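Observations on the model geometry
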Amino acid sequence: MAIDQVQQRKRRCGPKVKTGCGTCKFRRIKCDEAKPSCQRCSMTGRKCDGYSSDITISSQTSKNSTDLIQRISVYVPGNAGEKRGFDFFLRNTAAELSGYYDSSFWEKLILAASVQKPSLRHAVIALGALHEDFSRTRLVPSIPSVEDQKPQFALNQYTKAMGALRRSLSSGKEEPLTALMSCILFVCFDSLRGRFESAMVHLQSGLKILRDMRRSSTGNHIIEDNIAPLFMRLSIQSIIYVETKSTHDKTAFARELMDVLGKEIVISEEFENLEEARNALNQAANGLIRAFYMWDVGLPVALQPTESHSIFDKYTSQLSLWNLAFEKFMVSKGKDLTSREVQGAALLKIHHTTTKIMAGVRPDMSDMRPLSEAVNAETFVKYLGDFQIVINLLRPLIAAAEQDAKNGKPPLTFSSDLGLIGPLYYVCINSPTASIRTTAMKLLLRCPRREGMWNSVMIAQMIQEYWELEARHKEAQEIGVEVDEFGFLVPFRDTFDRGSVHFTYFGQPTEMDTTGISHFSPPEVTPPELVRCPPSLGLRSNPTTHDDIPRQNPEAETLAVLEGAIIQEHDDLHAHGMN
């Protein structure tokens, strides 16, 4: 009889209920699911944490990031490692990926969506784990050990994300927006770990989905405001990889880049905010890169495709308009910017100046030499002032990153976008003076960072190999080894020799895993002096930035250098009658 009574009192088993508020789920009790707060929590005086279904994919999701973190943390399933990776992304990676600019995609949109979508959640965990490993090893040489499981854990999460997306797509239940956001996360993950070929596959898949979504629907503000600009930035940072491809492949990719533009931004007299300036500059850079990809370096400018000339002229003009609008923006609103926004403005100016040099060195239409010969060291002499501006602006940004790291703030050294590494690489390779190139290398080595496909340590190794080629060529010229049949010195084959070094790192069929590349000693070979700076150029460098000592107030220095650069460029334009 007693046994029968015990059996009667046994709890009835049923299927586990996965719905309910976060508080009841944590307490493992049944929830009545009343809204906005469940009755069980209200009656016991507890705070009801709400429901995961209420966290929707919207660009307006939870304007309070702290509140969003607290809410999302309750709902994330998984083991301890997965919760740790997700939490690291929440508290560190999202801010790093946002950088100096609008954080709505990384800190709100992607986090809200990842609660409901397994493919996004596992991809977020993978990125968080990868970032945590980079944060731990970036300042010391990476020494693999049996206990070091972080890279493998990140890879396992990436594999889970891919599997979850495939299953949902095959069932026909996945939304195109989720697939598009997954592509972004996959591009970031593969780029940051050095799997460039795989990253490009995901990027091109995302561009195709974006094109199809635009054709099937119009006016989706999430796509136009958040997704499309991010794809444009991912496309721009991939230039380091695409440059290793054939002219045919580069032209094909240039066609794909047309799809990411959408409605073209009309540059007004003055930008309203930093994000508008950023998108307009990316549009101009995207257009110029498309023109560059259409060129064959073995042909003169006059024989390049007609379409490339019209694209080049259009976006070179936009680049000039951008500078005027940015100048007015800084004059009227510069004093009201936060320290992060000032740094973001400085980075925009760095990118504009670098892009201006890239466009400016295009030979004249009357020059019938192949581009590979027409663009040489002498071509860059008139841009020495611009190279110095880039260096002057980069110094305080790197000092600020170092200061933030010491103070426990996000140092912004882990990004999916093109940041500081690209301009430093360009200066190291193209500045005609050894002093500027050496300074750029020192800055590159000061703060290890990853920016999409750009790994600062790996890029420094590339530059070192290129400098060694230059030095050997110069030595051969001095002893008379490299002369042609008429006894003239053979010019350094800049495009070919740099391309061979570039291909070694980014163009091999077997991809390079850069997750362990975290340390590089200062180069022993210094760059050769290509062209001495003529005194008549009158270079103006900020007197407060002659050395590489970190400043106590890098934000104030950034604004001062930025204002000085704008004034200098404004004066130079007037001096040359280019008002």
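A brief structural summary.

What counts, and at which threshold
- Residues numbered from 1 in each chain as written.
- Predicted model: local features only at pLDDT ≥ 70, side-chain atom pairs only at ≥ 80, totals over all residues.
- Heavy atoms only, no water.
- Helix = DSSP H or I, 4+ residues; strand = E, 2+ residues; numbered from the N terminus.
- Buried < 20%, exposed > 50% of the residue type's maximum accessible area, 1.4 Å probe, protein only.
- Contact = heavy atoms within 4.5 Å.
- Axes fitted to C-alpha atoms, helices over the stretch in contact; angles between N-to-C directions.
- Parallel < 35°, antiparallel > 145°, perpendicular 65-115°, else oblique.
- Left-handed = near helix turned anticlockwise from the far one by under 90°.
- Nonpolar A, V, L, I, M, F, W, Y, C, P; charged D, E, K, R; others polar.
- Core = buried A, V, L, I, M, F, W, Y, C linked by side-chain atoms within 4.5 Å.
- Patch = residues over 30% accessible without salt bridge, like charges linked within 9 Å, V, L, I, M, F, W, Y side chains within 5 Å.
- Areas by Shrake-Rupley, 256 points an atom, 1.4 Å probe, with all protein chains shown as cover.
- Salt bridge = Lys/Arg side-chain N within 4 Å of Asp/Glu carboxyl O.
- Polar contact = N/O pair within 3.5 Å; in protein donor to acceptor, adjacent residues only side chain to side chain.
- Pairing = 2+ DSSP bridges.
- Phe/Tyr/Trp six-rings, centres within 6.5 Å; stacked < 30°, edge-to-face > 60°.
- Expected span 1.5 Å × (residues − 1).

**A few points about the overall build of the protein**
Counting its regular elements, the protein contains 23 helices and three strands. Burial analysis of the protein (579 residues in total) assigns 51% to the buried set. Across the protein, the fraction of contacts at a sequence separation of at least 24, relative to all contacts at a separation of at least 6, is 76%.

**Overview of the packing of helix H14 (residues 274-293) against helix H15 (residues 306-333)**
Helix packing for two helices is described by the angle between their axes and how far apart those axes are. It is at 8 Å that the axes of H14 and H15 come closest, and there the two elements cross at 160°. Here H14 lies roughly antiparallel to H15, going by the angle between them. Like other packed secondary-structure pairs, H14 and H15 cross with a definite hand, here left-handed. Here Leu274, Ala277, Ala280, Leu281, Gln283, Ala284, Gly287, Leu288, Arg290, Ala291 and Phe292 of H14 come into contact with H15, specifically with Ser308, Ile311, Phe312, Tyr315, Thr316, Gln318, Leu319, Trp322, Phe326 and Phe329. Looking at side-chain class alone, the contact of H14 with H15 contains 15 nonpolar, five polar and one charged residues.

**Things to note about unusual backbone geometry**
For residues besides glycine, phi is generally negative; the peptide bonds are generally trans as well. You will see that Glu33, though not glycine, has its phi angle at about 60°, which is positive. Position of Glu33 relative to the elements: it lies in the loop between helix H2 (22-27) and helix H3 (39-43). For Glu33, a relative accessible area of 37% translates into the label partly exposed. Phi at Leu412 is positive, roughly 55°, even though this residue is not glycine. Counting through the fold element by element, Leu412 comes out in the loop between helix H18 (384-406) and strand S1 (414-415). Exposure remark for Leu412: the relative accessible area of 8% places this residue in the buried category.

**Examining the nonpolar core**
Ranked by internal contacts, the top residues of the largest apolar core, which has 144 residues, are Trp106, Ile110, Phe231 and Phe326. For this core, the element with the most residues is helix H9 (residues 176-192), which contributes twelve residues. Look past the residues within four positions of Phe326 in its chain and what remains in contact with it is Phe271, Ala277, Ala345, Leu348, Lys349, Leu562 and Ile566.

**With respect to a nonpolar patch on the surface**
Among the surface-exposed residues, Leu299, Leu303 and Met368 lie close enough to one another that they form a single nonpolar patch of about 280 Å² accessible area. Among the secondary structure elements, Leu299 is positioned in the loop between H14 and H15. On the basis of relative accessible area, Leu299 is assigned to the partly exposed category, the value being 31%.

**What to know about the environment of Asp364**
Looking at the element boundaries, Asp364 is found in the loop between helix H16 (339-360) and helix H17 (371-374). For the pair Asp364 and Val301, spaced 63 residues apart in sequence, the C-alpha to C-alpha distance is 7.2 Å. A distance of 2.6 Å separates polar atoms of two side chains, one belonging to Asp364 and the other to Ser366.

**Points about the sheet that holds strand S2 (residues 450-451)**
Two modes of strand pairing occur in sheets, parallel and antiparallel, and in both the strands are linked by backbone hydrogen bonds. Here we have three strands laid out as an open sheet, ordered S1-S2-S3, and mixed in their pairing. Of all the strands in the sheet, the pair left with one neighbour each is S1 and strand S3 (454-455). Of the pairings in the sheet, the one linking S2 to S3 comprises two bridges and is antiparallel in character. Each residue of the ladder has a partner; that of Glu451, found in S3, is Trp454.

**What to know about the packing of aromatic side chains**
This model, assessed by the stated rule, comprises 18 aromatic pairs. With a centroid separation of 6.4 Å and an interplanar angle of 35°, the aromatic rings of Phe326 and Phe329 are classed as tilted. Taken as a pair, Phe326 and Phe329 lie in helix H15 at a separation of three residues, close to a single helical turn. Each member of the pair, Phe326 together with Phe329, is buried. Grouped by ring-pair contacts, the aromatic residues Phe271, Trp322, Phe326 and Phe329 constitute a single cluster.

**Points about the pattern of salt bridges**
Under the definition given, this model contains 20 salt bridges. Taking the shortest distance from any N to any O, the salt bridge between Lys160 and Glu82 comes out at 3.0 Å. With Lys160 in helix H8 (residues 150-170) and Glu82 in helix H5 (residues 80-98), this pair connects stretches of sequence that are 78 residues apart. Classification of Glu82 by relative accessible area gives buried; the value is 6%. The salt bridge involving Arg340 is made with Asp404; its shortest N-O contact spans 3.0 Å. With Arg340 in helix H16 and Asp404 in helix H18, this pair connects stretches of sequence that are 64 residues apart. Salt bridges sharing partners connect three or more residues here, namely Arg233, Glu275, Arg278 and Asp417.

**Some details on helix H19 (residues 421-430)**
A large share of H19 lies buried, amounting to ten of its ten residues. Within H19, burial applies to Ile421, Gly422, Pro423, Leu424, Tyr425, Tyr426, Val427, Cys428, Ile429 and Asn430.

**Points about the environment of Glu174**
Secondary-structure assignment places Glu174 in the loop between H8 and H9. Its relative accessible area of 17% is what places Glu174 among the buried residues. Taking the C-alpha atoms as reference points, Glu174 and Lys117, separated by 57 residues in sequence, lie 9.3 Å from one another. Among residues more than four places away in sequence, those in contact with Glu174 are Lys117, Leu165, Ser168 and Leu169.

**A look at H14**
Given 3.6 residues per turn, any residue in an α-helix points the same way as the ones three and four places further on. For H14, with 20 residues, the first-to-last C-alpha span of 28 Å sits near the 28 Å given by 1.5 Å per residue. Burial analysis of H14 places 18 of its 20 residues in the buried class, the great majority of the element. Residue Asn273 occupies the N-cap position of H14, its side-chain oxygen lying 3.2 Å from the main-chain nitrogen of Glu275.

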